[in-house]
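Observations on the three-dimensional arrangement
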Amino acid sequence: MKVYICQICGKGFTGRKKKYCSQDCSDEARRIRNRERMRKVNPPKPGVVKECEWCGKEFTVPTRNAHIARFCSEECNSRSKGHIPLEEWKAVVTQRKQDRQEKLDKENKEAYLARLTTKKCEWCGKTFTTDIPTKLTCSDECKRKRNHRKNWERKSNRLNDENVIDRDISIVMLYKRDKGVCYICGGKCDFKDHQIIHGHFISGPNYPSIDHIIPLARGGMHAWDNVKLAHHYCNAMKSDILPNELGLDVDIDDAYALAKEVSPRRKQVKQLTKEGKMIGVYESTAEAERRTGVKCKGIQKCARGEVRTYKGFVWKYA
């Protein structure tokens, strides 16, 4: 099969005899023919020859610019005004920019060093240097954890101006103070005991948590001498029970002695079969969870009437 050469792009192609390989090349050839025909009918006007006012050389400029053209080049234009050549002027401008930037950098550095202050991170307790007066944490990770804690406190309304004494309490600093040991069971707490599922942080049973020796619900204060490290599971099981009620030997300051006189916010709950037969009565939903292994959240929903049964049993408040 014979191969033809396109007259526009020069590519080879096969098929019936023709000049162009594609419609695009054919359109381009038509534009070229039309342009040449128009230039033949309307030839371009010749430029205007002028003499440079500085060097005296002749130069040609388009007719539309003839009334403003005075010099043959930018160099002649600069020299006519007493300026240095264009290349030298560009070098001078560049040097001025560099000197100005170096001066600005030096001033900024001196001002930055003057603003530097040493602070203590409100989350992890590490010392750090910063020039931001309002910065409270040493890193973005500590800032995220601190903000998360503050948001949780505001949302739950657990801590307020009446019961907060030490606002610098954090799980990291408490972990260091108590050497990572849960005061309820004596086991070791583990920061790695967690999962992230669909972007949500799920704590494991051995994840560390802050436990108030005298619960906030019974008049306890959010202070260093009223908090201890505990497993997430142990903290949930303790609920709002006093340590001596669990048989724990924990020194309690006299300032919290009145908390023993405040009754805990708990209700007796009954466990019944679906037929209504009584199985047992527990002092609280937390106690029911400890003795039966049934989650207290589900027990509470059933006792409030949100669901009929939970785990095959009927739960009712006494």
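Small disclaimer: the values here were computed from a predicted structure and weren't measured.

With that settled, consider the nonpolar core. Counting residues in each nonpolar core, the largest one holds 18 residues, and the members touching the most others are Cys121, Trp123, Cys124, Ile171 and Ile210. Those elements that place two or more of their residues in this core are helix 5 (171-177) and strand 10 (227-231). Beyond its immediate stretch of four places on either side in the chain, tryptophan 123 contacts Cys142, Lys145, Arg146, Arg149, Ser170, Ile171, Val172 and Met173.

Moving on, we come to the sheet that holds strand 13 (residues 314-317). Sheet strands associate in pairs through backbone hydrogen bonding, adopting either a parallel or an antiparallel arrangement. The 3 strands are arranged 12-11-13 in an open sheet whose pairing can be described as antiparallel. The two strands at the open ends of the sheet, each matched to only one other strand, are strand 12 (278-282) and strand 13. Each strand of the sheet is rotated relative to its neighbour by a mean of 20 degrees, with strand direction disregarded. Judged from the 4 bridges that link them, strand 11 (residues 269-272) and strand 13 form a sheet pairing that is antiparallel. When the sheet's bridge partners are listed, glutamine 271 is paired in strand 13 with tryptophan 315. Helix 7 (residues 285-292) contacts strand 11, strand 12 and strand 13 of the sheet and is inclined by roughly 125 degrees relative to strand 12. Against the sheet, helix 8 (residues 296-303) touches strand 11 and strand 13, its axis set at about 70 degrees to strand 13.

Topologically, arginine 16 is positioned in the loop between strand 2 (12-13) and helix 1 (23-41). Using a relative accessible area of 65% as the deciding quantity, one classes arginine 16 as exposed.

Inspection of every chain in the model, using the stated rule, returns 10 salt bridges. Taking the shortest distance from any N to any O, the salt bridge between arginine 31 and glutamate 28 comes out at 2.6 Å. Of this pair, arginine 31 and glutamate 28 both sit in helix 1, 3 residues apart, which is roughly one turn of the helix. We classify arginine 31 as partly exposed; its relative accessible area is 45%.

Note on placement: threonine 130 falls in strand 6 (residues 127-130). One polar contact links the side chain of threonine 130 to the main-chain amide nitrogen of isoleucine 132, over a distance of 3.1 Å. Once residues within four sequence positions are removed from consideration, threonine 130 is found in contact with Arg115, Leu116, Thr117, Lys119 and Lys135.

Reading the values: the criteria
Residues numbered from 1 in each chain as written. Predicted model: local features only at pLDDT ≥ 70, side-chain atom pairs only at ≥ 80, totals over all residues. Heavy atoms only, no water. Core = buried A, V, L, I, M, F, W, Y, C linked by side-chain atoms within 4.5 Å. Buried < 20%, exposed > 50% of the residue type's maximum accessible area, 1.4 Å probe, protein only. Helix = DSSP H or I, 4+ residues; strand = E, 2+ residues; numbered from the N terminus. Contact = heavy atoms within 4.5 Å. Pairing = 2+ DSSP bridges. Axes fitted to C-alpha atoms, helices over the stretch in contact; angles between N-to-C directions. Salt bridge = Lys/Arg side-chain N within 4 Å of Asp/Glu carboxyl O. Polar contact = N/O pair within 3.5 Å; in protein donor to acceptor, adjacent residues only side chain to side chain.

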